[in-house]
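Each chain, written out:
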Amino acid sequence: KAGVTQTPRYLIKTRGQQVTLSCSPISGHRSVSWYQQTPGQGLQFLFEYFSETQRNKGNFPGRFSGRQFSNSRSEMNVSTLELGDSALYLCATKDRTGELFFGEGSRLTVL
Amino acid sequence: AQTVTQSQPEMSVQEAETVTLSCTYDTSESDYYLFWYKQPPSRQMILVIRQEAYKQQNATENRFSVNFQKAAKSFSLKISDSQLGDAAMYFCAYRSTYSGAGSYQLTFGKGTKLSVIP
């Protein structure tokens, strides 16, 4: 069984640009969550999607958005990038027992 | 809001020895879940162990065990017979059972970097 796949793995952007990150869940997993990981703030919850609906959202500005498609794949978008958005963005999907499976992350550097 | 605190940013252990990582949390809820996750360098985070708050018995998974003290809001992880492959960041995490709309939001501690000395 393939794991959680996140693309791209690494990317560099400049301030003011926007970025889209993708997450493909494990087959059969319908819940997708996103987390931002930085050295200073640690892991912070961004949002969670289930059956194409956002179930919960963390305390992030509106520049951070996401969506989920009918095949459970999810994307997150960050508009008007700021230096502080440099982080590892982790996607996690949940199986029926409630266990979370994480992807390897997308490392975003904003210059 | 719940908070999770890991007071040890870094720890080291000799190979084959035992190490305990500390975690405390703050919540007003009576039912919740606690987790320890392992994040090796440049690799994905994986679940090490899970504890349901309503269970008094401490969870155990092979060489990994927890000491869950609900009244003290403490949830430490003990790693026995440490191996080189145990070197990683370890995160303690909390999940409320009362998250809205069935949400599965985790609140993480800042992590403890564990080094294993050969």
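Here, every reference points to the structure presented above.
Residues numbered from 1 in each chain as written. Chains lettered and ligands numbered in written order. Predicted model: local features only at pLDDT ≥ 70, side-chain atom pairs only at ≥ 80, totals over all residues. Heavy atoms only, no water.

This part takes up the state of the cysteines. All names here are of chain A. What the rule picks out here adds up to two disulfides over all chains. Two residues share a disulfide in this structure: Cys-23 and Cys-91, whose sulfurs sit 1.8 Å from each other. Residues Cys-23 and Cys-91 are joined by a disulfide whose S-S torsion is about -55°; by sign, that bridge is left-handed. Taken as a pair, Cys-23 in strand 3 (residues 19-24) and Cys-91 in strand 9 (residues 87-94) lie far apart in primary sequence, 68 residues in all. Take Cys-23: its relative accessible area is 0%, and that puts it in the buried class. (Disulfide = S-S within 2.5 Å. Helix = DSSP H or I, 4+ residues; strand = E, 2+ residues; numbered from the N terminus. Buried < 20%, exposed > 50% of the residue type's maximum accessible area, 1.4 Å probe, protein only.)

If you trace the backbone, Tyr-35 of chain A turns up in strand 4 (residues 31-38). For the pair Tyr-35 of chain A and Glu-48 of chain A, spaced 13 residues apart in sequence, the C-alpha separation works out to 9.2 Å. Excluding residues that lie within four positions of it along the chain, Tyr-35 of chain A makes contacts with Leu-43, Gln-44, Phe-45, Leu-46, Leu-88, Tyr-89, Leu-90 and Phe-102 of chain A together with Tyr-104, Gln-105, Leu-106 and Phe-108 of chain B. A distance of 2.9 Å separates a polar atom in the side chain of Tyr-35 of chain A from the backbone nitrogen of Leu-106 of chain B. (Contact = heavy atoms within 4.5 Å. Polar contact = N/O pair within 3.5 Å; in protein donor to acceptor, adjacent residues only side chain to side chain.)

The next subject is the interface of chain B and chain A. Contacts between the two partners involve 16 residues from chain B, matched on the other side by 20 residues from chain A. Across the chain B/chain A interface, buried area totals approximately 1,700 Å², and carbon plus sulfur atoms make up 51% of it. Considering only the surface of chain B that becomes buried against chain A, Gln-44, Met-45 and Tyr-104 of chain B emerge as the three largest contributors, covering 30% of it. On the surface where chain B and chain A come into contact, there are zero salt bridges. At the junction of chain B and chain A, the tally comes to five residue pairs in polar contact (both at pLDDT 80 or more). Sorting the residues of the side of chain B that touches chain A by element identifies strand 5 (32-39) and strand 6 (46-52) of chain B as the ones contributing at least two each. (Buried area = accessible area lost by both parts, 1.4 Å probe. Salt bridge = Lys/Arg side-chain N within 4 Å of Asp/Glu carboxyl O.)

Coordinates in, geometry out; function isn't part of it.
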